[in-house]
Amino acid sequence: MVDYIIDQNLAILAVNNPPVNALSHHVREGLVEGIKKANANDQVTAIVIIGKGKIFCSGADIREFSNHAAIKDPVLTSVGHTIENSGKPVISAIHGNALGGGLEVALFCHYRIASESARVGFPEVLIGILPGAEGTVRLPRLSGLSFAMDMIASGKQINAKDAFKHGILDKVCTGNILEEAKDFAKKVIGQPLDSRRLSRINVEDASNVDAVFEVALAQVKKKYKGQIAPIYCLKSVRNSAKMSFDKAAAEERRLITELMLGYQSIALRYSFFAERSASKWRLPCGASVNNTKPSKIESTGVIGAGTMGSGIAVCLIRAGIPVILVEKDPKMLEKGMETISGILDGSVKLKRMTPGQKAKCMEILKGATSLDKLSNVDLVIEAVYENLELKRQIFAQLDKVCKPSTLLCSNTSTLDIDKIASATNRPDKVVGTHFFAPAFIMRLLENVYGSKTSPTTVATVMELGRRIGKVTVLVKTCYGFVGNRTHQCFGAEASFLLEEGCLPQDIDQVLEEFGMAMGPFKVSDLSGIDVGWRIRQEVAKAAGFKLTTETRYHNGERISTVGDSLFEMGRYGIKTGKGWYKYDPTNLRKPVPDSDVADVILDHCAKMGLQRCKIPPQEIIERCLFAAVNECFRVLEERVAEKPEDIDVIWQYGFSFPRYAGGPMFYASQVGLKRVYERVCFYHEKFPYSSHWIPSDLLRKLASHSVEIPMSQWKEFVNGSKL
Ligand SMILES: CC(C)(COP(=O)(O)OP(=O)(O)OC[C@H]1O[C@@H](n2cnc3c(N)ncnc32)[C@H](O)[C@@H]1OP(=O)(O)O)[C@@H](O)C(=O)NCCC(=O)NCCSC(=O)C[C@@H](O)CCCCCCCCCCCCC(=O)O
Ligand SMILES: NC(=O)c1ccc[n+]([C@@H]2O[C@H](COP(=O)([O-])OP(=O)(O)OC[C@H]3O[C@@H](n4cnc5c(N)ncnc54)[C@H](O)[C@@H]3O)[C@@H](O)[C@H]2O)c1
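Conventions adopted
- Residues numbered from 1 in each chain as written.
- Chains lettered and ligands numbered in written order.
- Predicted model: local features only at pLDDT ≥ 70, side-chain atom pairs only at ≥ 80, totals over all residues.
- Heavy atoms only, no water.
- UniProt positions renumbered as here; feature names shortened; annotations may be inferred.
- Helix = DSSP H or I, 4+ residues; strand = E, 2+ residues; numbered from the N terminus.
- Expected span 1.5 Å × (residues − 1).
- Buried < 20%, exposed > 50% of the residue type's maximum accessible area, 1.4 Å probe, protein only.
- Polar contact = N/O pair within 3.5 Å; in protein donor to acceptor, adjacent residues only side chain to side chain.
- Contact = heavy atoms within 4.5 Å.
- Axes fitted to C-alpha atoms, helices over the stretch in contact; angles between N-to-C directions.
- Parallel < 35°, antiparallel > 145°, perpendicular 65-115°, else oblique.
- Nonpolar A, V, L, I, M, F, W, Y, C, P; charged D, E, K, R; others polar.
- Arc of directions from axis to C-beta.

If you check an unreviewed UniProt entry, the protein chain appears there as Peroxisomal bifunctional enzyme from Elysia chlorotica. Under the UniProt heading Pathway (unreviewed entry), the entry covering the protein chain gives this text: "Lipid metabolism; fatty acid beta-oxidation."

A.B. asks: Help me understand helix H17 (residues 455–467), please; the structure alone is not making it clear to me.
C.D. replies: Side chains of residues three or four places apart in an α-helix project in the same direction, reflecting 3.6 residues per turn. Its 13 residues give H17 an end-to-end C-alpha distance of 18 Å, which sits within 8% of 18 Å, the value for a rise of 1.5 Å per residue. Along H17, the positions that sit buried rather than exposed are Thr 457, Val 458, Ala 459, Thr 460, Val 461, Met 462, Leu 464 and Gly 465. Two residues or fewer past H17, Gly 469 is found with a positive phi of approximately 80°.

A.B. asks: Please clarify how the side chain of Glu 382 should be interpreted in this entry.
C.D. replies: Along the chain, Glu 382 turns up in strand S13 (residues 379–382). A relative accessible area of 0% means that Glu 382 is categorised as buried. Looking at Glu 382, its side chain comes within polar contact range of the main-chain nitrogen of Val 384, at 2.9 Å. When residues no more than four places from it in sequence are discounted, the contact partners of Glu 382 are Ile 303, Lys 391, Ile 394, Phe 395, Cys 409, Ser 410 and Asn 411.

A.B. asks: Can you help me understand the packing of helix H26 (residues 664–671) against helix H27 (residues 673–686) in this one?
C.D. replies: Relative orientation of the contacting elements H26 and H27 amounts to 105°, with a least axis distance of 6 Å. The angle between H26 and H27 falls in the class roughly perpendicular. For the pair formed by H26 and H27, the contact residues are Ala 668, Ser 669 and Val 671 on the first element and Leu 673, Arg 675 and Val 676 on the second. The residue makeup of the contact of H26 with H27, split by class, is four nonpolar, one polar and one charged.

A.B. asks: Hey, could you run me through helix H8 (residues 209–223) in this one?
C.D. replies: In this model, H8 (15 residues) spans 21 Å end to end at C-alpha, consistent with the 21 Å of a helix rising 1.5 Å per residue. Within the sequence span of H8, burial applies to Val 209, Val 212, Phe 213, Ala 216, Leu 217 and Val 220. One side of H8 carries all its buried residues, which in axial view fall inside an arc of 130°. Turned more than 90 degrees off the buried face of H8, the exposed positions are Ala 211, Val 215, Gln 219 and Lys 222. The inward-facing, buried residues of H8 contact helix H5 (145–154) and helix H9 (229–242).

This is how it looks when you write it as structure tokens:
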């Protein structure tokens, strides 16, 4: 795991632990052995630590943390002390990334050089911990307190040039990193090492520490609301200036231990691996990411230049994929093109793109008003109104117009992909590509396969998602797929709570305190009350009934129509300046509770004869989340989602579920399935007219076990395979 190579008078220790050179036990052992061996060899005058493959080192092996008590010696700090105490100079030669423990290894070395394309950082905070191998104590000694606090608490990576500027690197190299390291080593042989040992030097701006800490703390509390680790990161850096090196290092150890054992870090570590597991798709037929090749996509079409079509076009052109944007109405087309240009201008303003890059994006975007223009593209994404008949017409036409190999994708948010595919003679090439609004910002792409979608089609849209920078999850078709189907239960309970005693701001506040980025009513104002209204009308039409503000039940199912009353008043949300909240036109970002909405709700309750009472926050959380969790178990049971991790990733990236709470499935696993099941049964008895409370069979089965079944085994209970 660490190759030991003698090259003239140098010992090269090459970390060799693919794919990302994590510091697993054998790597730590290898580094200690290598340093000792080199020091014992009189021929060796200096030591270079380098990484094999694409990266220097990704840090500690995160998988070892789940059984932290079993982390074997040597731990990373003792590896580091062996490096720092080496009598011969140790140089770290960084290429690719040096992250977390990887950067800490470099900080134990006497010198650090890096390729100009290298990036360094402490991403520990993103998994709810801090750099616990003296990173919080060593970095401030190089970069100063303020920079160290920012870099460690944000988890951001910086490039080699910036790292050099802030004293972290001694040299940025343009040539071959190993050759440059060898040259560098030869120059430093024989120079005194003590001043190069960070544990022997002081933090320069120590007298300012309290002031720097207070400023950083205020920023962190605002930016990372609800998260513990960023605050601990700051405290640990503060200690580096207030205590002796050894005392601060001991405190750092105490803080990382506390964090690592805490709920937030467990959830964030789970989220790290859940996100990566989502891309490992598999179909029931056995086809998977490992055995299916995607087709090449070099040109695309997008149909509909509304909210979603424009956003999707941005995602594609930003990734360098040409788009023909088709609108039936030339005015709408012009508006769509302007929207796209405006979105890219925003990126330029935020310095995420140069004006030249924007111009290149616009060059590969063409507008059209006829589907005929799509005859030659490799893939089309349809984003017209949510109307099955309209979509079927368009797909039938596309089938005639497009070359036989073109993949036909729909951005439908709810409709059955099979019903759309059956309008074509190529159902194997029809698939759902469900983007979330705003498509150019939200990272989630929920790809939906139908009963006839081919593995190659799936592989192609999964690869497309990766190419445009989305976190991409594959699910099976059904009404609303995984995201909207499970989220609808959450939203339904939020509306029922309005009829029972809450106001929109009460519910939003509780769920935001739980960690959701925005409560459901603020989200509804953002996406448009009219959009929800249209979907509800479509559903009612398909079910053969007329939905009005008087409707309370249909087919024995409770319905809340408060939102429809707002729609009828023209309160569509931010776009009309009024929705569940009111908005000052000069500050559309700040929703203000509106007494008119309270009146609408109270009138509604009076008209319907509904009693109102005070509802405790715990009930708000349970009602919204457990209703969704129960539906998530159904989705798993029906194999609409292949694994619980996929559902959690969808909630994190589609609905901003806090990563530090894992996702609804992870949350349920932490609450305990027995408790969740008991509460679902309780609410089912209390609310018999909401079918989303009928307990899922899978949840019942899992909850009936005397011991909690770990999430990784839930799948085994699907389809009665285990009872
Ligand atoms: C490195 C990346 C940028 C690469 O990205 P890329 O897109 O190329 O690849 P993937 O992300 O798909 O990754 C490929 C593959 O590798 C897996 N992987 C990546 N990084 C790690 C890792 N660090 N550990 C394990 N596995 C890793 C990834 O999962 C993929 O595999 P899969 O099978 O899932 O497909 C990118 O991967 C990246 O950003 N990685 C994370 C980098 C990171 O977060 N690094 C920090 C790690 S934490 C750390 O370093 C901590 C140290 O500061 C300190 C350690 C001190 C420990 C002290 C312990 C004290 C505990 C005390 C508790 C005792 C309590 C008691 O007493 O009881
Ligand atoms: N808005 C959201 O939050 C959201 C999120 C995810 C998915 N979706 C789905 O995306 C799709 C589009 O939604 P939207 O919000 O962008 O709607 P929208 O009303 O903003 O845009 C639809 C566009 O399609 C155009 N159009 C209609 N018929 C057409 C035709 N025959 N040929 C070409 N263009 C035509 C319209 O002129 C309009 O510009 C729907 O299926 C919706 O369910 C919406």
